[in-house]
Protein chains: 2
Amino acid sequence: MFAEILTIGDELLTGNTVDSNSALIAQKLTESGYWVRRKTTVGDDVEEIKAAVREILAREPEVLVISGGLGPTHDDVTMLAVAEALNRKLVLCEECLEKIKAFYERLHREGYIDDPELNEGRRKMAYLPEGAEPLENTEGAAPGAYIERDGVKIFVLPGMPREMRAMLEKEVLPRLGKRKFIQRKLLAEITDESKLAPLLTETIKRFNVRIHSSPKGFGKYIGIIIFGESEEEIERAKAFMEGRGIRFEEGW
Amino acid sequence: MFAEILTIGDELLTGNTVDSNSALIAQKLTESGYWVRRKTTVGDDVEEIKAAVREILAREPEVLVISGGLGPTHDDVTMLAVAEALNRKLVLCEECLEKIKAFYERLHREGYIDDPELNEGRRKMAYLPEGAEPLENTEGAAPGAYIERDGVKIFVLPGMPREMRAMLEKEVLPRLGKRKFIQRKLLAEITDESKLAPLLTETIKRFNVRIHSSPKGFGKYIGIIIFGESEEEIERAKAFMEGRGIRFEEGW
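Not measured: the values here are computed from a predicted model.

Looking at the relation of the copies chain A and chain B
Item 1. When chain A is brought onto chain B, the operation consists of a screw motion whose angular component is 180° and whose axial shift is 0.0 Å, with 0.0 Å RMSD remaining. Taken together, the rotation and translation describe the operation of a two-fold axis. Among all residues of chain A, the one whose C-alpha sits closest to the rotation axis is Thr40(A), at a distance of 2.3 Å.

Here's what the structure looks like:
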């Protein structure tokens, strides 16, 4: 039930962009019942991306979602790097090329670009790793890719948030099936997190749950997230803590 | 001149929190002249943190900045995991314990907490890896740690953004010395990024720079970041592109 996320882009490593994509992907994977074990970010560099993909596959997650570097410019090298990491060739996706052609023709008709022709950069986006299933980009030019490899579901998505979000919702989540575990957010009425610590430790020992408590300064509440495989188990863990004098409010 | 960043926290892997800390750290490291090669995020898990720290050290960066998991609760295990990754013991920092004591006494006087006593969770924060130099937390209880290990400067910072920012500015950046390379942001007046690609490729071949161009949809501009070791080299690269008909505006 483990998943990993790989985001790609020099702008993420210079701090010019905050990586909100990986947070959204993590949230959707968690809601789908996957445990996101690690997030990795590398730059637009074939060797760095290859190395990261191979290290992640060696940890054998069930799902790997990759985002970024599918565009037309010289530094969009993700598909090439993923293909090399999997020892596959990049092959032309004819259907993708047709869609890219139509996309730029529409932009030209609508006056957004001067030139509707398929130059090298635009054509590049139609090449996917051999055996990959194209994922439709309803918001932009570059298709994504879905690859199954030794039981790992690999999804390659664009980095533009609008495009990534649409592809995640329409193409990725439907392929991930049912949720396996769930999370419940609670607010604990307590004035000091460190007094809660021993009780949390005892609770995770007694019940089949994981608990995250997030510091919210020293206000009246502490945010708790209980992870478990069933509502019942989470309810039992919550009731146990209530029995020890903790008062909860739902959600935060 | 390579640096890596490791952020720690289950909330980052569930998407409940967007990792703005690593973006700020990346920005400051870049401004200080370091090339951030990779960012990694793992949960509040000793084994995961240990594994990540050891993998990063094996890549021999000059600097490793770690953020998150220094608090008083059961899931704040970063210092323990870092100590184990370095095969060091956790040892009590007396000076840190005094500051933590004073911190909670002040919070108690000011009416923020019920109990000023040093319970187990609070005491835990005074333990640092053997040989570590404590980093002052001017905004919270938990001290950070600075460790030199085989030429790698390792900084361990809190995850609370206010505390992390202050420690980064006051304790980390002064230890990083002079910037080694710089970045220049330009806006290129061009209506399609893919037409710029061949020129960018030629520019990075001819000059000792790296260039990142970031998709901003299909508007009038494309954001360019030129990285180089001197203003002069960046200026030469810019002039070359201008000679090929690209018009730039400064900054974005």
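Quick word on the side chain of Ser67(A)
Residue and element names in this part refer to chain A.
Item 1. In this fold, Ser67 is placed in strand β3 (residues 63-67).
Item 2. Polar side-chain contacts of Ser67 include one of 2.9 Å to the backbone oxygen of Pro158.
Item 3. Each residue touching Ser67, except ones within four places of it in the same chain, is listed here: Leu6, Thr7, Ile8, Asn21, Ile25, Leu157, Pro158, Gly159 and Met164.

Examining helix α2 (residues 20-31) of chain A
Residues and elements named next belong to chain A.
Item 1. Counted at 1.5 Å a residue, the expected span for α2 with its 12 residues is 16 Å, and the 17 Å between its end C-alpha atoms agrees.
Item 2. When we look at burial in α2, the residues that qualify are Asn21, Ser22, Ala23, Ile25, Ala26, Lys28, Leu29 and Thr30.
Item 3. Of the residues that open α2, the one with a side-chain oxygen 3.4 Å from the backbone nitrogen of Asn21 is Asp19.
Item 4. Within two residues after α2, Gly33 carries a phi angle of roughly 95°, on the positive side.

Looking at the domain arrangement of chain A
Item 1. As assigned here, chain A comprises domain 1 (2-176) and domain 2 (182-250).
Item 2. The C-alpha-based centres of domain 1 of chain A and domain 2 of chain A are spaced at 37 Å.

Quick look at helix α5 (residues 94-109) of chain A
Residue and element names in this part refer to chain A.
Item 1. The first and last C-alpha atoms of α5 sit 23 Å apart over 16 residues, in line with the 22 Å expected at 1.5 Å per residue.
Item 2. Those residues of α5 that fall on the buried side of the exposure criterion are Cys96, Leu97, Ile100, Phe103, Tyr104 and Leu107. End-on view of α5: buried residues confined to an arc of 120°, all on one side of the axis. Summarising the geometry of α5, the exposed residues directed more than 90 degrees from the buried face are Glu94 and Arg109.
Item 3. Those residues of α5 that are buried lie in contact with β4 (90-92), α6 (120-124), β5 (127-129) and β6 (133-135).
Item 4. Backbone geometry just downstream of α5 places Gly111 in the positive-phi region, at approximately 80°.

Definitions and limits used
Residues numbered from 1 in each chain as written. Chains lettered and ligands numbered in written order. Predicted model: local features only at pLDDT ≥ 70, side-chain atom pairs only at ≥ 80, totals over all residues. Heavy atoms only, no water. Least-squares fit on C-alpha atoms with pLDDT ≥ 70 in both. Helix = DSSP H or I, 4+ residues; strand = E, 2+ residues; numbered from the N terminus. Polar contact = N/O pair within 3.5 Å; in protein donor to acceptor, adjacent residues only side chain to side chain. Contact = heavy atoms within 4.5 Å. Expected span 1.5 Å × (residues − 1). Buried < 20%, exposed > 50% of the residue type's maximum accessible area, 1.4 Å probe, protein only. Domains from an automatic or database assignment. Arc of directions from axis to C-beta.

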